[in-house]
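# Remarks on the overall topology
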Amino acid sequence: MATTVAYDRVTVLKAFDDTKTGVKGLVDAGITKIPPFFVHPPEKPTSKPPATLHIPIIDLDGVAADAGKRAEAIRMMVGASETLGFFQVVNHGIPLTVLDEMVEGVKRFFEGDVEVKKAYYTRDTSKKVIHNCNFDLFRAPAANWRDSFLCLMAPEPPLPEEVPPACREIIFEFADYVKKLGLLLFELLSEALGLNSDYLKDIECAKGLNVVSHYYPPCPEPELTFGNGRHSDPDFLTILLQDQIGGLQILHQDQWCDVPPTHGALVINLGDILQLITNDKFKSVEHRVISKSVGPRISVACFFRTFLHTSSRLYGPIKELTSSEKPPLYKEVTVKDYVSYFNSKGLDGESALDHFKI
Ligand code: OGA
Ligand code: NI
């Protein structure tokens, strides 16, 4: 019996995947009920009902030249990184026109010619440009109501002609700004840890960048599924651009808290590998995106991590941050092994970090 059920599920998933039109294709076809494989099991209840949380907004204006402003930004960063794992930044150097055009470019791609979109649809993770619906479709217990478009922008970006014309120009411009902002954030975070400002850059935290654009179509039964199920990010740091729809929530003190969009601000969250190397000083916090009957919602998550797993560098708790009172909590691991484990699980609601605890 169990085998028959499992077989049917794979067949259904395969048929859906073969359409290469993702969730957007279902919505365009006018469905009013979501397919069963999108239905999530009931969530583990939290002790408190959802709330809105103020996520600190850090002003990066003048931090390069003004020691006072830099110290204040770092002070706020330490506070947010030790507790929420999330903060926002303004005056981050990326013009508003670039942010808005990036969101528009993503919309043009997902709402553009279906045949063009299909040409980019793949599960081949050796590619630098990937369009698909749920990277873990065949592994996760339930699928999420969203489509995604990935572009590996560092260390070796794709050739411009490999990127869809709908967002070709803007994605290169946007990624250049994001790389610069990433370097600044890693400098400030290094100082926030009491290390020299180049520390995190020197261990190649900013070397790899994957720009993942998400398209969350409106959902006819939003209470049954998620746009993005609960997870923490398997990287060093994520810079997130979100449009005005909202839906992002973070888990703080056993309570799901909304992160309302602030136009022009970018959301920053620390990833699992940063928590590992900081020996739990900085937190990689679980978050999710709820589904809504309105939409589409567009977000662009920029993940700092090497992606094609070329490096054999080992990451473990930074020696300067450990002592006899604070012994290392994690084993050393390569990014490749960390991510292989994360991907093999899919988004199943369990932390991948625990697996690497000593
Ligand atoms: C992610 C993520 C949040 C969002 O891609 O890991 O958490 O708002 N995205 O799309
Ligand atoms: Ni995430």
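In what follows, the structure referred to is the one given above.
Now for a quick tour of the structure. (Residues numbered from 1 in each chain as written. Chains lettered and ligands numbered in written order. Predicted model: local features only at pLDDT ≥ 70, side-chain atom pairs only at ≥ 80, totals over all residues. Heavy atoms only, no water.)

## A closer look at the pattern of salt bridges
- By the definition in use, this model includes 19 salt bridges.
- Between Arg230 and Glu286 there is a salt bridge, with its nearest N and O atoms 2.7 Å apart. Note that Arg230 is positioned in strand 7 (residues 226–231) and Glu286 in the loop between helix 8 (272–277) and strand 12 (287–290), a separation of 56 residues in sequence. Across this residue pair, the class does not change: Arg230 and Glu286 are buried.
- Shared partners join several salt bridges into a network, and the residues in it are Arg70, Glu187 and Glu191. (Salt bridge = Lys/Arg side-chain N within 4 Å of Asp/Glu carboxyl O. Helix = DSSP H or I, 4+ residues; strand = E, 2+ residues; numbered from the N terminus. Buried < 20%, exposed > 50% of the residue type's maximum accessible area, 1.4 Å probe, protein only.)

## A closer look at the coordination of the nickel ion (ligand 2)
- At 2.1 Å from the nickel ion (ligand 2) lie its protein donor atoms, namely His231 (NE2), Asp233 (OD) and His287 (NE2).
- The motif formed by the donor residues of the nickel ion (ligand 2), counted along the single chain, is H-x1-D-x53-H. (Donors = N, O, S within 2.8 Å, 3.2 Å for Na, K, Ca; no water.)

## Points about the site of ligand 1
- Within the structure, ligand 1 sits among 13 residues, and His214, Tyr216, His287, Arg297 and Ser299 are positioned closest to it.
- Ser299 places a side-chain nitrogen or oxygen 2.6 Å from an oxygen atom of ligand 1.
- Protein contacts shield 94% of the accessible area of ligand 1, which totals 290 Å² for the unbound molecule.
- When each cavity is represented as a set of grid points, ligand 1 is found to reside in the largest pocket.
- Of all the elements in the fold, those that place two or more residues in the shell around ligand 1 are strand 6 (209–216), strand 7, strand 12 and strand 13 (297–304).
- Among the elements that line the shell around ligand 1, the one with the most residues is strand 13, at four residues.
- Residue classes in the shell around ligand 1 are distributed as six nonpolar, five polar and two charged. (Near = heavy atom within 4 Å. Polar contact = N/O pair within 3.5 Å; in protein donor to acceptor, adjacent residues only side chain to side chain. Areas by Shrake-Rupley, 256 points an atom, 1.4 Å probe, with all protein chains shown as cover. 1 Å grid on protein atoms, 1.4 Å probe; cavity = no way out; pocket = protein on both sides within 12 Å on 5 of 7 lines; lining within 4 Å. Sits in = over half its atoms within 2 Å of the grid points. Nonpolar A, V, L, I, M, F, W, Y, C, P; charged D, E, K, R; others polar.)

## Looking at the sheet that holds strand 8 (residues 237–242)
- Across the sheet, which stays open at both edges, the eight strands sit in the order 2-3-11-8-13-6-5-4 with mixed pairing between neighbours. Across the chains shown, the open sheet's two edge strands, defined by having one partner strand only, are strand 2 (57–59) and strand 4 (129–132). Strand-to-strand twist across the sheet, computed as the mean angle between neighbouring axes with direction ignored, equals 25 degrees.
- As judged from the seven bridges shared by strand 5 (residues 147–154) and strand 6, these two strands associate in the antiparallel manner. By the bridge assignment, Leu150 is partnered in strand 6 with Val212.
- On top of the sheet, helix 4 (residues 96–110) reaches strand 4, strand 5, strand 6, strand 8, strand 11 (266–270) and strand 13; it is set at about 65 degrees to strand 6, its chief contact. (Pairing = 2+ DSSP bridges. Axes fitted to C-alpha atoms, helices over the stretch in contact; angles between N-to-C directions. Contact = heavy atoms within 4.5 Å.)

## Structural notes on the packing of helix 4 against helix 6 (residues 168–192)
- Axis separation between helix 4 and helix 6 bottoms out at 9 Å; the angle between their running directions is 135 degrees. Here helix 6 runs oblique to helix 4, going by the angle between their axes. Crossing angle aside, the handedness with which helix 4 passes helix 6 is left-handed. The residues of helix 6 that touch helix 4, namely those facing Val98, Leu99, Glu101, Met102 and Gly105, are Ile170, Ile171, Glu173, Phe174 and Tyr177. (Parallel < 35°, antiparallel > 145°, perpendicular 65-115°, else oblique. Left-handed = near helix turned anticlockwise from the far one by under 90°.)

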